Number of protein chains: 2
Amino acid sequence: VIARLPCPAVSNAVGIGLLGVGTVGSAIAAQLHERAAAIGLRTGVTPRVVAAAVRDVSKPRPTLPSGVRVVDDPMAVVRDRDVRVVVELMGGIEPARSAILSALAAGKPVVTGNKELIAAHGPELFAAADAAGVDLLFEAAVAGGIPIIRPLRESLAGERIEAVMGIVNGTTNFILTKMTEDAADYGTVLAEAQSLGYAEADPTADVGGHDAASKAAILASIAFGVHVPVAEVTREGIESISAQNVADAKRLGFVIKLLAIAERTDERVAVRVHPSMVPITHPLASVRGAFNAVFVEGADVGQLMFYGRGAGGGPTASAVLGDVIDASVNLTKGTHAALGAFAPAALTPLSECSSAFCLAIEVNDRPGVLAAVAKVFGDHGVSIRSMEQEGMADAARIVFVTHRAKEAAVRVCLDDLGRLDAVRSIASVIRVVGVQ
Amino acid sequence: VIARLPCPAVSNAVGIGLLGVGTVGSAIAAQLHERAAAIGLRTGVTPRVVAAAVRDVSKPRPTLPSGVRVVDDPMAVVRDRDVRVVVELMGGIEPARSAILSALAAGKPVVTGNKELIAAHGPELFAAADAAGVDLLFEAAVAGGIPIIRPLRESLAGERIEAVMGIVNGTTNFILTKMTEDAADYGTVLAEAQSLGYAEADPTADVGGHDAASKAAILASIAFGVHVPVAEVTREGIESISAQNVADAKRLGFVIKLLAIAERTDERVAVRVHPSMVPITHPLASVRGAFNAVFVEGADVGQLMFYGRGAGGGPTASAVLGDVIDASVNLTKGTHAALGAFAPAALTPLSECSSAFCLAIEVNDRPGVLAAVAKVFGDHGVSIRSMEQEGMADAARIVFVTHRAKEAAVRVCLDDLGRLDAVRSIASVIRVVGVQ
């Protein structure tokens, strides 16, 4: 195959082994085949797929170039002498973890897009890659096709990063965008997303923020050089976001987005996922539908945003392909990318995080209520930025936006508000992000 | 200095030489000093400034860490034995070019943000770096602090890039944003930009698109692996954009942006800079004021956008710092980034480029004019997407938006329109980008 193409003399063929041949694996194999000449010219290496592990070897694989050895045992691919770089596309924890550890132990660089595995077993895998002196690359694990891991790790290696905020889950962004643009309620839009295939039958991993929490842990670890166990990521999903919340936000000049946030607070790191009101003028506000974006704030560079498709075969294949080429180039040169030393994270507990808040409460509409409510905020040092009151039959709905305040102080306010006779209920509490 | 910091054992000190110590040079020196421990922990190297060339050695340099040798001869810094990486921040062609060539010839990697030099002498400099087997990095040359060169070169090394479109000049974006948001005319806003320091007293390099053309040439060369002489970049500035054009665009659902565009047309590359109408829903439309953004369209990855500050000391220093660390890491490992082989570009002449167009013409308001005008478009196969007619005294103004058409066909239409008795003038011709 390669002999027919006008390859430059410098081009080194590098055998690639695929663990898993779905949409992404097929795309990788096809692209390495079709673009061999261009890639060789540009990078000096010509990676090509030589072996692949699949679940069912009897199934025809018309998308794989001829000559690829197809087996059913991932370990056979890892052990294959012609395989010099292993690409893990099986997903899940096992056997992916064991296969990756074996590859690394054998001195073979690994490329994976397995966010669940990286979030859960990052420290073990990074240590194995470091010990073996080979690459472990995972650009596809966060925000699909958007180059974000490499820019954070390399371009911003000298930057003091203050915060990373990402729209990293396309399903929830699709739902929130639809709720905003069609003034529709959560249940209706979720059902539509499910019928369109944008949401799973059991949507918990997406709408509950679990997927975003894995990505938040990975982003935090890369941006701040710390290990963040995914179980320690504060997590709140979008299930309780109502059409009323979306309308309130819109009226006040905000949109609601599910954000994965990792930020420096003094010398600790706060990592959380929650629905957030973002000013409509903020770059993240215009990220619509299934698109993803990662917003980075650095001491010197100021605001950066990386935008693109967070899921799908093409974008994921693009990210994996970039890593495959990088790993192949490094292998040929006898080098590897520095993962950096990861310190155990000193994580900021949620109670010590601060942000602005949008609070909606329902009260009995009688004189003096507002004063009583305002006094509670004042007593706990939570300063009010704006307030709107709306009558409803014999009751009223008050929507407050606070200035930046500690979570703990706001929680105490809410407890005290709940104890006021005039307060019927705390209708909603949504954090406001991207304001001073 | 380093001894006082808790540096890990793996950290390798790398001596850096600065050519030029302005805002950026001072920031680099300070950041490498202050963040030595963090950078060492993260990357395994500790670059630190050991020598600097300045114009006036008698001037005190309180921003430079103590121990930095300050001289007035750039070549003395290049030759300094302790200098292992050279950072060129002088700007202009000479003596920057000679100093860089000397450094490369001596096997010293070079970092520069000099877009003028890279655009004018890229092939010579790339060849010198390649021959010496060392890095020549220039992230700061395009879009300031936004990581774009490294993502294009590495993350997207396997992607088939179809187009790169950038808002890469902050001055013109500031002016066009103000014209849009304040409905102000070009002259007024230019004067304001000049008084605020956003535009030079002689604004030609910015408003005439010269600066953007240099960046377009660099982006094209990285995205498509071709040499693009800056003189061959089609260039049109924003000087003739009127408040009327901005108002027309707004009414039709567009904003006007000065775009640097490099796109694949068959197997050639078209590189141009011109004012462009962009749909308000396009990610580039929300890039306001002095911000920059580079939009990339790839065959697999789809749409990507990289957004951030394109100028200023902090963002530029951030980009240079990332390159300094990368060059230091590579040097320590005895490797360097592949620049790729650059083929001479087969550039698409403007006449063969295609886009949609927004044309405004002034006609005598009498029966049959519209039919005559429409016939001209039809005769040359240019299809009309929308048309608006507005009366003015005894004349009318017609604003057409065409479907995608070849430049040559539109030029012939305009010639023929000019020959119609009823047509008083072609008031404006603006390309429309980001539509099908």
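Residues numbered from 1 in each chain as written. Chains lettered and ligands numbered in written order. Predicted model: local features only at pLDDT ≥ 70, side-chain atom pairs only at ≥ 80, totals over all residues. Heavy atoms only, no water.

The next point concerns the overall build of chain A. Tallying secondary structure elements over chain A gives 14 helices and 19 strands in all. Taking 2.2 N^0.38 as the reference for a compact globule, 436 residues should give roughly 22 Å; the C-alpha atoms of chain A span a radius of gyration of 25 Å, in line with that estimate. Along the first, second and third principal axes, the C-alpha atoms of chain A reach 85 × 45 × 35 Å. Taking all 436 residues of chain A together, 57% fall into the buried category. When contacts within chain A are restricted to residue pairs at least 6 apart in sequence, those whose partners lie at least 24 apart make up 72%. Accessible surface for chain A amounts to roughly 16300 Å². Of this, 52% is attributable to carbon and sulfur atoms. With 39 positive and 46 negative side-chain charges, chain A shows a spacing of 5 Å between the two charge centroids. (Helix = DSSP H or I, 4+ residues; strand = E, 2+ residues; numbered from the N terminus. Rg over C-alpha atoms; globule rule 2.2 N^0.38 Å. Buried < 20%, exposed > 50% of the residue type's maximum accessible area, 1.4 Å probe, protein only. Contact = heavy atoms within 4.5 Å. Areas by Shrake-Rupley, 256 points an atom, 1.4 Å probe, with all protein chains shown as cover. Lys, Arg positive; Asp, Glu negative; His and termini not counted. Charge placed at Lys NZ, Arg CZ, Asp CG, Glu CD.)

To continue, consider the relation of the copies chain B and chain A. Take chain B, turn it by 180°, move it 0.0 Å along the axis, and it overlays chain A with an RMSD of 0.0 Å. These values place the two chain copies in the arrangement generated by a two-fold rotation axis. No C-alpha of chain B approaches the rotation axis more nearly than that of F306(B), which lies at 2.4 Å. Residue by residue, 100% of the interface of chain B is reproduced at the interface of chain A, so both copies engage with the same surface. (Least-squares fit on C-alpha atoms with pLDDT ≥ 70 in both.)

Let us now look at the interface of chain B and chain A. Note: interface size is frequently given as the accessible area lost on complex formation between the parts. With 51 residues of chain B at the contact, the number on the chain A side is 51 residues. Between chain B and chain A lies a buried interface of about 4000 Å² when both sides are counted; carbon and sulfur atoms form 52% of it. Among the residues of chain B in contact with chain A, R42(B), D300(B) and Y307(B) are the three that bury the most area, contributing 18% of the side total. Our count for the contact surface shared by chain B and chain A stands at four salt bridges. The partner of R35(A) in a salt bridge is D300(B), and the shortest N-O contact between them spans 2.8 Å. (Buried area = accessible area lost by both parts, 1.4 Å probe. Salt bridge = Lys/Arg side-chain N within 4 Å of Asp/Glu carboxyl O.)

The next thing to look at is the sheet that holds strand β2 (residues 45-53) of chain B. Residue and element names in this part refer to chain B. On the basis of which strands lie adjacent, the open sheet formed by six strands has the order β3-β2-β1-β4-β5-β6 and parallel pairing. Edge strands, defined here as strands with exactly one partner in the open sheet, are β3 (69-71) and β6 (136-137). Running at roughly 115° to β2, helix α12 (residues 313-333) makes contact with β1 (12-19), β2, β4 (85-88), β5 (110-112) and β6 of the sheet. (Pairing = 2+ DSSP bridges. Axes fitted to C-alpha atoms, helices over the stretch in contact; angles between N-to-C directions.)

Here we come to the packing of helix α7 (residues 170-182) of chain B against helix α8 (residues 186-195) of chain B. All names here are of chain B. One can describe the packing of α7 onto α8 by two numbers: an axis separation of 9 Å at closest approach and a directional angle of 130°. The angle between the axes of α7 and α8 places the two elements in the oblique class. For the pair α7 and α8, the sense of crossing is right-handed. For the pair α7 and α8, contact is made by F174, I175, K178 and M179 and by Y186, V189, L190, E192 and A193, respectively. By residue class, the composition of the contact of α7 with α8 is seven nonpolar, no polar and two charged. (Parallel < 35°, antiparallel > 145°, perpendicular 65-115°, else oblique. Left-handed = near helix turned anticlockwise from the far one by under 90°. Nonpolar A, V, L, I, M, F, W, Y, C, P; charged D, E, K, R; others polar.)

What follows concerns the nonpolar core. Of all hydrophobic cores here, the largest spans 173 residues; its most connected members are I148(A), I175(A), I148(B) and I175(B). Filtering out sequence-adjacent residues up to four positions away, I148(A) remains in contact with E139(A), V142(A), A143(A), L219(A), V294(A), V296(A) and F306(A). (Core = buried A, V, L, I, M, F, W, Y, C linked by side-chain atoms within 4.5 Å.)

With that settled, consider helix α13 (residues 369-379) of chain B. Two residues of an α-helix separated by three or four positions point the same way, owing to the 3.6 residues in each turn. All names here are of chain B. Every buried residue of α13 is listed here: V369, V373, V376 and F377. For α13, the buried positions fall inside an angular range of 95° around the axis, keeping them on one side. Facing away from the buried side of α13, by more than 90 degrees, are the exposed residues A371, K375 and G378. Buried-residue contacts for α13 involve β15 (354-364), β16 (384-392), β17 (395-402), α14 (407-419) and β19 (423-432). G381 occupies a position one or two residues after α13 and carries a positive phi of about 70°. (Arc of directions from axis to C-beta.)

Right, let's get into the pairing of strand β2 (residues 45-53) of chain A. Two faces belong to every sheet, and in a regular strand the side chains alternate between them. Residues and elements named next belong to chain A. Extensive coverage of β2 is indicated by the burial of eight of its nine residues. In this sheet, β2 lies alongside strand β1 (residues 12-19) in parallel orientation, the contact comprising eight bridges. The residue bridging I16 from the neighbouring strand is V49, located in β2. In this structure, β2 lies alongside strand β3 (residues 69-71), joined through three bridges in parallel fashion. Paired with A53 across the bridge in β3 is V71.

Turning our eyes to something else, we now look at the sheet that holds β1(A). Residue and element names in this part refer to chain A. On the basis of which strands lie adjacent, the open sheet formed by six strands has the order β3-β2-β1-β4-β5-β6 and parallel pairing. One side of each edge strand has no neighbouring strand; the edge strands of this open sheet are β3 and β6 (136-137). Note: strand β5 (residues 110-112) against β6, two bridges, orientation parallel. The partner of V110 across the bridge, within β6, is L136. Against the sheet, helix α4 (residues 96-105) makes contact with β1, β4 (85-88), β5 and β6, and its axis sits at roughly 155° relative to β5, the strand it touches most.

A few words on unusual backbone geometry. Of note, the bond from E94(A) into P95(A) is cis; its omega dihedral lies within 30 degrees of zero at 5°. Along the chain, the position of P95(A) falls in the loop between β4 and α4. The backbone of D266(B) sits at a positive phi, close to 55°, despite the residue not being glycine. Tracing the sequence through the fold places D266(B) in the loop between β10 (254-265) and β11 (268-279). Residue D266(B) is classed as exposed on the basis of its relative accessible area, which comes to 68%.

Before going further, it helps to spend a moment on the side chain of T335(A). Turning to its location among the elements, T335(A) is positioned in the loop between α12 (313-333) and β14 (343-344). Judged by its relative accessible area of 9%, T335(A) is buried.

Residue and element names in this part refer to chain B. By the element assignment, A212 lies in helix α10 (residues 210-224). Remark: the alpha-carbon pair of A212 and H274, spanning 62 residues in sequence, is separated by 9.2 Å. Those residues in contact with A212 that sit more than four places away from it in its chain are V168, L258, A260 and V273.

Moving on, we get to the packing of aromatic side chains. Here the structure, examined in full by the defined rule, presents nine aromatic pairs over all chains. Ring centres of F306(A) and F306(B) lie 6.0 Å apart, and the angle between their planes is 85°; on these two criteria the pair is classed as edge-to-face. Within this pair, whereas F306(A) is found in strand β13 (residues 302-309), its partner F306(B) is found in strand β13 (residues 302-309), the two belonging to separate chains. On the basis of relative accessibility, which here comes to 1%, the residue F306(A) falls in the buried class. With a centroid separation of 4.5 Å and an interplanar angle of 50°, the aromatic rings of F174(B) and Y198(B) are classed as tilted. Taken together, the positions of F174(B) in helix α7 and Y198(B) in the loop between α8 and α9 (204-207) put the pair 24 residues apart, joining distant regions of the chain. Accessibility expressed as a relative area gives 41% for Y198(B), which makes it partly exposed. (Phe/Tyr/Trp six-rings, centres within 6.5 Å; stacked < 30°, edge-to-face > 60°.)

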